[in-house]
Amino acid sequence: YDYMETFSEGMALVYKDCQWGFIDKTGKLVVGLQYDSANSFHNGYASVAKYENEEMKVGFIDKTGKVVVPVIYDTVFDFSEGLAAVVKEGKLGFVDTAGNVVVPFEYDYGAYEEYYFSGGLAVVTTGDYLSPRYLAVDKTGKKAFDINYDYARTSGFSEGMLAVGSGGKWDYDYGFAYFRYYDGGKYGFIDATGKEIVPLIYDYVGDFHDGIAVVGKDGKFGAIDKKGNVVVPLIYSNAGDGSNGLLCVENENGKCGYVDYKGNVVIDFKFDYLIDFKDGYAINSIDWEWGAVDTAGRTVIPFEHYYIYEISEGLFAYEDSESGCLGYMDANGKVVIDPVYYDAQPFSGGVALVFKEQYGIISRPSISYKAVPTASTVLVN
């Protein structure tokens, strides 16, 4: 193949002679090279596209290659809770996994906006393009409630909370695609009944993750809980999204550290980048040398590497400083796959795509562990 993408849900996109298809973890071509464009599988389905009368039309296939949503739409969004937003002739609706239209095509949309169901609700818009009216609809297409704000996040609710805004202005731009954007204003959150929970007092609000959301005001960032209480004080120059109980924040000197969801500094400000934890580890750099720490702040991979990529199934892809090639190391910094590849993708389902003169698939090696005897008391029923 000329190009391959990382495995997702056991399938990987492949490209050859200007056509896209999918292989499984054995390398078998499951979906033939027949599409002009395609995206990776999410929630069991992948969007695929073909040119028709000089226009790109999009639909969905399942993992057998069967077309489940006809390739007739102008734009589609990934399935969420069994439904996918699709656009036809300038109007947005939702289809199910059999291709049936369950939410009629009567809503507007903007380029670069996303539309998903969460908790049985989706956010849609009607009205003028630069003064949209928002409402929440259920999975039958019935209106749940009006969202009486100037702005609402169309990607939907996060952990039952929806970001809304007021006091700003809408504008548009002509670029690669025609899109609208909301500028300025103040932001807060409503719940899944439409009740305002967090007053609109912030200049920026992120989505909720692990019960907290990053917020910004007057150029400073912190975090709030679902009741609107400030749990991480707004004293930082920037902040990540939070994961594994820790939030990466940047101080006024441009250095990053990690605080817990009560605002306590857990790992000191010594890192170069704003990178959140994943699977219990944070990959970062200190004075431009890369390593990794655990959630207690212990260095598990020394900060002496040229570059380390994200963790996947317990292994870190890393770049060797001498050869420039990529290999994999475990969470103790031990090299388990030698750096001999020009590209090394994350592991997924026990396999990873690598490139060395041509693409190939490698399996995840077993990692030995030493059992340490203890004198613990064990109750046996």
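Just so you know, these numbers come straight off a predicted model, no measurement behind them.

Help me understand the overall build of the protein, please; the structure alone is not making it clear to me.
The helix and strand tally for the protein stands at 0 helices and 39 strands. Over its C-alpha atoms, taken along the principal directions, the protein stretches across nearly 65 × 60 × 55 Å. Burial status across the protein gives 45% buried among its 381 residues. Looking at the protein as shown, the accessible area adds up to about 19000 Å², and 48% of this sits on carbon and sulfur atoms. Once the 31 positive and 55 negative side-chain charges of the protein are each reduced to a mean point, those two points are 6 Å apart.

Is there a simple way to think about the pairing of strand 39 (residues 358–363) in this case?
Strand residues, when the strand is regular, have side chains that alternate between the two faces of the sheet. Here strand 38 (residues 351–356) runs beside strand 39; their pairing, made up of 6 bridges, is antiparallel. In the sheet register, Leu353 faces strand 39, and the bridge partner there is Ile361. Hairpin connection between strand 38 and strand 39: a loop of 1 residue separates the two successive antiparallel strands, and Glu357 in this loop has a positive phi of roughly 70°.

How should the pattern of salt bridges be read in this particular structure?
With the rule as written, the count across this model stands at 13 salt bridges. With its nearest N and O atoms 3.2 Å apart, the salt bridge here joins Asp146 to Lys143.

Sorry, what's going on with the packing of aromatic side chains here?
Any two aromatic rings considered together are summarised by their centre-to-centre distance and by the angle between their planes. This model, assessed by the stated rule, comprises 31 aromatic pairs. Relative to Phe41, the ring of Phe22 lies with its centre 4.8 Å away and its plane at 65°, an arrangement referred to as edge-to-face. Here Phe22 is found in strand 3 (residues 19–23), whereas its partner Phe41 is found in the loop between strand 5 (37–38) and strand 6 (46–52), with 19 residues between them in sequence. Judged by relative accessible area, which is 1%, Phe22 ranks as buried.

What am I meant to see in the layout of surface pockets here?
Which parts of space are left empty comes out when a probe the size of a water molecule is rolled across the atoms. When its volume is computed, the largest pocket comes out at roughly 670 Å³. Along the wall of the largest pocket there are 22 residues; nearest its centre are Val58, Asp74, Thr75, Val76 and Phe77. For the lining of the largest pocket, the secondary structure elements donating two or more residues are strand 5, strand 6, strand 7 (55–61) and strand 9 (75–76). Looking at the lining of the largest pocket element by element, the count peaks at 3 residues for strand 6. In terms of residue class, the lining of the largest pocket is made up of 13 nonpolar, 6 polar and 3 charged.

Hey, could you run me through the sheet that holds strand 10 (residues 83–88) in this one?
Strand pairing in a sheet relies on backbone hydrogen bonds, with the paired strands running either antiparallel or parallel. Reading across from one edge, 9-10-11-12 is the order of the 4 strands in this open sheet, with antiparallel pairing throughout. This sheet does not close on itself; its edge strands, each paired only once, are strand 9 and strand 12 (101–107). Pairing analysis gives 6 bridges linking strand 10 to strand 11 (residues 91–96), with the strands arranged antiparallel. Residue Leu83 lies in a different strand from strand 11, and its bridge partner there is Asp96.

Just checking my understanding: could you explain the environment of Leu135 for this structure?
Summarising the element assignment, Leu135 is placed in strand 14 (residues 131–137). Residues Leu135 and Val95, 40 residues apart in the sequence, show an inter-C-alpha distance of 18 Å.

Parameters and conventions
- Residues numbered from 1 in each chain as written.
- Predicted model: local features only at pLDDT ≥ 70, side-chain atom pairs only at ≥ 80, totals over all residues.
- Heavy atoms only, no water.
- Helix = DSSP H or I, 4+ residues; strand = E, 2+ residues; numbered from the N terminus.
- Buried < 20%, exposed > 50% of the residue type's maximum accessible area, 1.4 Å probe, protein only.
- Areas by Shrake-Rupley, 256 points an atom, 1.4 Å probe, with all protein chains shown as cover.
- Lys, Arg positive; Asp, Glu negative; His and termini not counted.
- Charge placed at Lys NZ, Arg CZ, Asp CG, Glu CD.
- Pairing = 2+ DSSP bridges.
- Salt bridge = Lys/Arg side-chain N within 4 Å of Asp/Glu carboxyl O.
- Phe/Tyr/Trp six-rings, centres within 6.5 Å; stacked < 30°, edge-to-face > 60°.
- 1 Å grid on protein atoms, 1.4 Å probe; cavity = no way out; pocket = protein on both sides within 12 Å on 5 of 7 lines; lining within 4 Å.
- Points joined across faces, edges and corners; volume = space filled by probe spheres on them.
- Nonpolar A, V, L, I, M, F, W, Y, C, P; charged D, E, K, R; others polar.

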